[in-house]
Amino acid sequence: MIDCHTHTKYSHDSTQDPREAIEAAISKGIEYLAFTDHCDRDCLYSPLHKDKIRQIDLDACMKEIRSLKEEYKGKIEIAVGIECGYMEKAVKNYVEDLNAHKTDITINSIHLVDYTDCYFKEFFDGRSKAEAYTMYTKAILDSLFVPYHYDVVAHIGYVSRKAPYEDKMYRYSDLKDIIDEILKTIIEKGKSLEINSHAENTGDLTLPNLDIIKRYKELGGELLTFASDAHKIEKQCFMYNEIVDRLKDCGFKYLFKYLEHKPIAVKI
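A brief look at the structure comes next.

Cut-offs used in this document
Throughout this description, residue numbers start from 1 for each chain and increase along the sequence as written. This being a predicted model, a pLDDT of at least 70 is required before a residue's local features are given, and a value of 80 or more before pairs of side-chain atoms are given or counted; all residues contribute to the totals for chains, interfaces and linings. Here the side-chain values reflect all heavy atoms present in the structure, with hydrogen atoms and water set aside. The angle between two axes is taken between their N-to-C directions and runs from 0 to 180 degrees, where each axis is a line fitted to C-alpha atoms and a helix contributes only its stretch in contact. Under the DSSP-based scheme used, a helix requires at least four consecutive residues in state H or I and a strand at least two consecutive residues in state E, with every element numbered from the N terminus. Put simply, angles under 35 degrees are roughly parallel, angles over 145 are roughly antiparallel, angles from 65 to 115 are roughly perpendicular, and the rest are oblique. Left-handed describes a crossing whose near helix is turned anticlockwise from the far helix by less than a right angle; the clockwise case is right-handed. Contacts were defined at the residue level, with two residues in contact if any of their heavy atoms lie within 4.5 Å. Any Phe, Tyr or Trp ring, taking Trp's six-membered ring, that has another such ring centre within 6.5 Å forms a pair; planes under 30 degrees apart are called stacked, those over 60 apart edge-to-face, and the others tilted. Burial here depends on accessible area, computed with a 1.4 Å probe over protein chains only, as a share of the maximum for the residue type. Under 20% is buried, over 50% is exposed, and the range in between is partly exposed. We count a charge as sitting over a ring when the NZ of a lysine or the CZ of an arginine lies within 6 Å of the ring centre and within 35 degrees of the ring normal. A 1.4 Å probe that fits but cannot get out identifies a cavity on a 1 Å grid over protein atoms alone, an open set with protein on both sides within 12 Å along at least five of seven lines counts as a pocket, and a residue lines either if it has an atom within 4 Å of a point. Grid points are joined across faces, edges and corners, and a volume is the space filled by probe spheres set on the points. Residues are grouped as follows: nonpolar covers Ala, Val, Leu, Ile, Met, Phe, Trp, Tyr, Cys and Pro; charged covers Asp, Glu, Lys and Arg; every other residue, Gly included, is treated as polar. Two strands pair if DSSP finds at least two bridges between them. Orienting the strands away from the viewer, one traces the path from the first strand over the helix to the second; a clockwise path indicates a right-handed crossover.

## A word on the packing of helix α6 (residues 176-188) against helix α7 (residues 210-218)
- Relative orientation of the contacting elements α6 and α7 amounts to 50°, with a least axis distance of 10 Å. Taken as axis vectors, α6 and α7 run oblique relative to one another. Where α6 crosses over α7, the two elements pack in a sense that is right-handed. On α7, the residues that touch Ile-179, Asp-180, Leu-183, Ile-186 and Ile-187 of α6 are Ile-212, Arg-215 and Tyr-216.

## Some thoughts on the packing of aromatic side chains
- Under the defined criterion, the tally for this structure stands at 10 aromatic pairs.
- Ring plane angle 25° and centroid distance 6.1 Å describe the contact between Tyr-119 and Tyr-158, whose orientation is recorded as stacked. Highlighted residues: Tyr-119 in the loop between β6 (116-117) and α4 (121-124) and Tyr-158 in the loop between β7 (152-153) and α6, separated in sequence by 39 residues.
- The class of Tyr-158 is buried, set by a relative accessible area of 4%.
- Geometrically, the ring pair formed by Tyr-133 and Tyr-165 is edge-to-face, given 6.1 Å between the ring centres and 70° between the ring planes. One end of the pair, Tyr-133, is in helix α5 (residues 129-143); the other, Tyr-165, is in the loop between β7 and α6, with 32 residues separating them in the sequence. Grouping residues by exposure puts Tyr-133 and Tyr-165 together as buried.
- In this structure an aromatic cluster arises from ring pairing among Phe-123, Phe-124, Tyr-133, Tyr-136, Tyr-165 and Tyr-170.
- Over the aromatic face of Tyr-254 sits the side chain of Lys-267, whose NZ or CZ is 5.6 Å from the ring centroid.

## Things to note about the layout of surface pockets
- One number sums up the size of the largest pocket: a volume of about 300 Å³.
- Taken together, 19 residues make up the lining of the largest pocket; nearest its centre are His-12, Asp-13, Asp-117, Tyr-119 and Tyr-158.
- Residue composition of the lining of the largest pocket, by class: six nonpolar, seven polar and six charged.
- When its volume is computed, the second largest pocket comes out at roughly 250 Å³.
- For the second largest pocket, the full set of lining residues is Tyr-86, Met-87, Glu-88, Lys-89, Leu-112, Val-113, Asp-114, Tyr-115, Met-135, Lys-138, Ala-139 and Asp-142.

## Some words on unusual backbone geometry
- With an omega of -5°, the peptide bond between Leu-207 and Pro-208 qualifies as cis.
- Tracing the sequence through the fold places Pro-208 in the loop between β8 (192-196) and α7.
- One non-glycine residue, Cys-237, lies in positive phi territory at about 50°.
- Position of Cys-237 among the secondary structure elements: in the loop between β9 (224-227) and α8 (240-249).

## What to know about the sheet that holds β8
- With respect to topology, seven strands assemble into an open sheet ordered β1-β2-β3-β4-β7-β8-β9, the strand pairing being parallel. Bordering the open sheet on either side are β1 (2-6) and β9, each of which pairs with just one other strand.
- Bridge count for strand β2 (residues 32-39) against strand β3 (residues 77-85) is eight bridges, and the pairing is parallel. In the sheet register, Cys-39 faces β3, and the bridge partner there is Cys-84.

## A few points about the pairing of strand β4 (residues 105-109)
- Counting buried positions over the five residues of β4 gives five, a clear majority of the element.
- Where burial is concerned, the two faces of β4 agree: the one with Ile-105, Ile-107 and Ser-109 and the one with Thr-106 and Asn-108 are both buried.
- Of the crossover connections in this fold, the one passing from β3 over helix α3 (residues 91-100) to the parallel β4 is right-handed.
- Pairing geometry for β4 and β7, over two bridges, is parallel. Bridging across to β7, Asn-108 finds its partner in Val-153.

Quick look at the structure:
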């Protein structure tokens, strides 16, 4: 088992100790664990979030995870990572951060749309599902062209996690032109599509959901990462076997892990 997206106490929304996370992963038989804590420089430019979201101590985070990576060598493969939330105004911040720190994996994700995290009700106030989901999807497309390096495009469909609509499913058929452009760009740029199992109450097993995964395969996509997006140890590799079976049914033969930003195939 491999898990390419997890969080620790260095993220604003987790209290998990990294060493405890590693020990738990070893006990579960996980062979590769990436720590990809939130780097929320986008929130610095949001009136709603800038004073509420704790910014990562990136120096301390990188130092501890690198130390643990060396300490546990031979027992489990640890990847030093980061999850960058996109906003155009924050691009210069991310360029500076990523140039200053050596990592194995960088995740590109959308949380804020129109300066508001679309996990919170304020984003949806006064907006129809079509309007909210279209704004979110266009933000994903914009994020793919950042000037800094990233490896993985995270949790497409994140907007549906806390959406207030009766039918909250994030469907390919509703946004197929934009989603096709996103998937084609991911493929052309040699990035990985993340399969995220933190999808409770979204209407499907994963983010993105099955119809988007199938479309990615139809378009020629092969690079996939598995992500529990765990903020607690009990969620590490959550639903891993069920999701691997789904991916096999779609025709995929490999998941990928990253070391020094190089995708390494893991047969499923």
